[in-house]
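# Analysis of the macromolecular model
If you want the building blocks of each chain, they are given just below.
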Amino acid sequence: MSDNSGGVTYYINHHLTNWSIGDGGFWTIHADSLIVSILLGSLFCWVFWMASRNATEGIPGGLQNFVEMMIDAMNKLTRDTFSGHNPLAAPLALTIFCWIFLMNLMDLVPIDLAPETMGALGWEYFKILPTVNMNVTFGLSLSVLGLIIIYSIYYKGAKGYLHELFFHPFNHWSLAPFNFVLNFVELFAKPISLSLRLFGNLYAAELIFILIATLTLSYGLFEVFTSIGGIALLLGQIVLATIWAIFHILVIPLQAFIFMMLTMVYLSMAAESH
Amino acid sequence: MEINATLLGQMIAFGIFVWFTMKFVWPNVSKAMQARQDSISDGLAAAERGRKDLETANEKADEILREARQKANEIIEKANKRSNEAIEEAKSTARAEGERQLAAAQAQIEQEINQAKTELREQVVTLAITGATRVLEREVDAKAHNDLLSDLAKQL
């Protein structure tokens, strides 16, 4: 039930457009995605930092219990995935999971709330879900790609890693270019699949929420409660949106978990030599 | 969807958050968890030690109890023996005393019989004298016949 200026297409486009600062070239910034994601990341850091500052070895309280459970799970995951000591992997996994989870959680914010509120305050566009922005998902997955390369070089040495790029899986000098192409594609398929999976899932989720919301778009606030069709469509919208939201209670942590888990798997693959 | 500088901002933010988690969240919580784990394992070890101590203490107590029971049995046996001995002793003492008293009583009886005989003899003498006096209807000079009468009394 938005203001009915411009119809369905305008409504959908309006909800899927970022608040951009810049001339539209590379040095443009999607301020809404950046602000929301940094706020959520800071929230995660702040909550865990509070818990860690007040951490006692005695009986832990509710927050400390939760934080310890998360940290324990990540430590266990790291132990299962990596051989040997690895100080980065567990905090990395925790950050990825919590941050992506919180960002995905913005999917459940009623879709008109953020654009309308910010619109009333003077912003033309405001998209609150950061993971429906390729910059955000690629930012995460390209960082992971960087870590994959760093891990490969750290564990195998620059020479060992180059050797693997050119002489694996077919250990013959005549097949070296073919091997390199194969490994290059494999290497870059990882971040692309990571980010596109996350983006695609959340984009579809958001788009369907928007489509459900357009059911009553052609009715005014008064009509929707007074006409038979309006009431029927309103009920349909409520039911559909509820079902879709309940389904996303599963999807949101699942996507965060998949991203974290695949990152760990990629890094462990980079850490072990063939 | 255009790729732009948001990507870089996101990467920087990501790096900062991971660094923050690694630097400020992880060590404290890990330390607390490690300390708790240590104290729990210490507690469990102490409990295990306590259990073992209890076991040995129970064994010792059982042994002591067994010894005490044995000692008590010995003492009771000894006491029984002693009491039997005492009873036997008392019995024999009583028997000896009884015999002694019996003998004394018999001696006394004999003595009394003898005394009675003597008295009887004297009374018979007196009676005989009285009878004789009456028969002779005169007084017999008791003094003059004392020797004779004593002889007579001894013959009775």
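Here the structure is a predicted model, which is why all the values come from computation and not from measurement. Residue indices follow the written sequence of each chain, beginning from 1 at its first position. Chains and ligands are labelled by the order in which they are written, letters from A for the one and numbers from 1 for the other. Confidence filtering applies because this is a predicted model: local features only for residues at pLDDT of at least 70, side-chain atom pairs given and counted only at 80 or more, and all residues used for totals across whole chains, interfaces and linings.

### Re the overall build of chain A
Tallying secondary structure elements over chain A gives 9 helices and 2 strands in all. Listed N to C, the secondary structure of chain A is α-β-β-α-α-α-α-α-α-α-α in terms of helices and strands. Structurally, chain A occupies a C-alpha span of about 75 × 60 × 35 Å along its principal axes. For chain A, long-range pairs separated by at least 24 residues make up 69% of all intrachain contacts whose partners lie at least 6 apart in sequence. The helix count covers DSSP runs of H or I at least four residues long, the strand count covers runs of E at least two residues long, and both are numbered beginning at the N terminus. We call two residues in contact if the C-beta atoms placed from their backbones are at most 7 Å apart.

### Let's talk about the overall build of chain B
The secondary structure content of chain B amounts to 2 helices and 0 strands. Computed over the C-alpha atoms, the radius of gyration of chain B is 60 Å, more than 25% above the 15 Å expected from 2.2 N^0.38 for a compact globule of 156 residues. As a rule, residues whose C-beta atom has 12 or fewer other C-beta atoms within 10 Å are exposed, those with 20 or more are buried, and those in between are partly exposed; C-beta atoms are placed from the backbone. A buried classification covers 10% of the 156 residues belonging to chain B. Atoms counted for the radius of gyration: C-alpha only. Globule rule: 2.2 Å times residue count to the power 0.38.

### Quick look at the nonpolar core
In this structure, Ala93, Ile96, Phe97, Trp99 and Ile100 of chain A together with Val29 of chain B are the most contacted members of the largest nonpolar core, which totals 62 residues. Counting only elements with at least two residues in this core, the list comes to helix H2 (31-53), helix H3 (62-81), helix H4 (89-105), helix H6 (134-167), helix H7 (176-213) and helix H9 (228-271) of chain A together with helix H1 (6-136) of chain B. With near-sequence residues (within four places) excluded, isoleucine 100 of chain A lies in contact with Thr131, Leu198, Gln255, Ala256 and Phe259 of chain A. We call a set of buried Ala, Val, Leu, Ile, Met, Phe, Trp, Tyr and Cys residues a nonpolar core when their C-beta atoms link them within 7 Å.

### Some thoughts on the interface of chain A and chain B
Quoted interface sizes are often the accessible area lost when the parts come together. In this complex, chain A contributes 38 residues to the contact, which on the side of chain B involves 28 residues. Looking at the side of chain A that touches chain B, the elements that each hand over two or more residues are strand E2 (29-30), H2, H3, H4 and H6 of chain A. Counting residues per element, the side of chain A that touches chain B draws most heavily on H2 of chain A, which supplies 11 residues. Residues are grouped as follows: Ala, Val, Leu, Ile, Met, Phe, Trp, Tyr, Cys and Pro are nonpolar; Asp, Glu, Lys and Arg are charged; all remaining types, including Gly, are polar. Here the residues of the side of chain A that touches chain B are counted per class, giving 23 nonpolar, 12 polar and 3 charged.

### Some words on the confidence of the model for chain A
The pLDDT value tells you how sure the predictor is about a given residue, anywhere from 0 up to 100. Summing up the model confidence of chain A, the mean pLDDT is 87 and the portion of residues at 70 or higher is 97%. Per-element mean pLDDT across chain A ranges from 78 in helix H8 (residues 223-226) of chain A up to 93 in H4 of chain A.

### As for the environment of asparagine 13 of chain A
Here asparagine 13 of chain A shows up in helix H1 (residues 7-15). Distance from asparagine 13 of chain A to tyrosine 125 of chain A, taken between C-alpha atoms, is 9.9 Å for residues 112 residues apart in sequence.

### Description of the packing of H3 of chain A against H4 of chain A
Residues and elements named next belong to chain A. Where H3 meets H4, the axes come as close as 9 Å, and the angle between the chain directions of the two elements is 125°. Taken together, H3 and H4 sit at an angle that is classed as oblique. In this structure, H3 crosses over H4, and the sense of that crossing is right-handed. Of the residues in H4, those in contact with Met70, Ile71, Met74, Asn75, Leu77 and Thr78 of H3 are Ala89, Ala90, Ala93 and Leu94. Here the residues of the contact of H3 with H4 sort into 8 nonpolar, 2 polar and no charged. Lines fitted to C-alpha atoms define the axes here, with helix axes fitted over just the stretch in contact, and angles between the N-to-C directions of these axes take values from 0 to 180 degrees. These descriptions rest on fixed angle ranges, namely under 35 degrees for roughly parallel, over 145 for roughly antiparallel, 65 to 115 for roughly perpendicular, and the rest for oblique. Less than a right angle of anticlockwise turn of the near helix away from the far helix marks a crossing as left-handed, whereas a clockwise turn marks it as right-handed.

### What about the packing of H1 of chain B against helix H2 (residues 146-155) of chain B?
Residue and element names in this part refer to chain B. Direction vectors running N to C along H1 and H2 enclose 130°, while the axes themselves pass 9 Å from each other. Relative to H2, the element H1 is oriented oblique. By crossing handedness, the relation of H1 to H2 is classed as right-handed. Residue-level inspection shows Arg121, Glu122, Val125 and Ile129 of H1 in contact with H2, the latter providing Leu149, Leu152 and Ala153. By residue class, the composition of the contact of H1 with H2 is 5 nonpolar, no polar and 2 charged.

### Considerations on the confidence of the model for chain B
Of all residues in chain B, 94% attain a pLDDT of 70 or more, and the chain-wide mean is 89. The ipTM, which scores confidence in the relative placement of chains, is 0.86 for this predicted complex, and the corresponding pTM is 0.74.

### Digging into the environment of leucine 198 of chain A
Residues and elements named next belong to chain A. Mapped onto the secondary structure, leucine 198 falls in helix H7. Judged by local crowding, leucine 198 falls into the buried class, with 25 C-beta atoms found within 10 Å. For the pair leucine 198 and methionine 261, spaced 63 residues apart in the sequence, the C-alpha separation amounts to 13 Å. Sequence-distant contacts of leucine 198, that is, excluding residues within four places in its chain, are made with Ile100, Thr131, Thr137, Gln255 and Phe259.

### So, the environment of arginine 49 of chain B
Residues and elements named next belong to chain B. Following the sequence through the fold, arginine 49 ends up in helix H1. A residue is classified by how many C-beta atoms lie within 10 Å of it, and arginine 49, with 10 of them, is exposed. Spatially, the C-alpha atom of arginine 49 lies 39 Å from that of lysine 23, the residues being 26 residues apart in sequence.

### Things to note about H6 of chain A
In an α-helix, one turn spans 3.6 residues; hence positions three or four apart end up facing the same way. Helices are assigned an expected span. That span is 1.5 Å times one less than the residue count. The end-to-end C-alpha separation of H6 of chain A is 34 Å, well short of the 50 Å expected for 34 residues at 1.5 Å each. At any given residue, the bend is defined as the angle formed between two axes, one fitted to the seven residues that end at that position and one fitted to the seven that begin there. The largest bend in H6 of chain A comes to about 110°, at glycine 157 of chain A.

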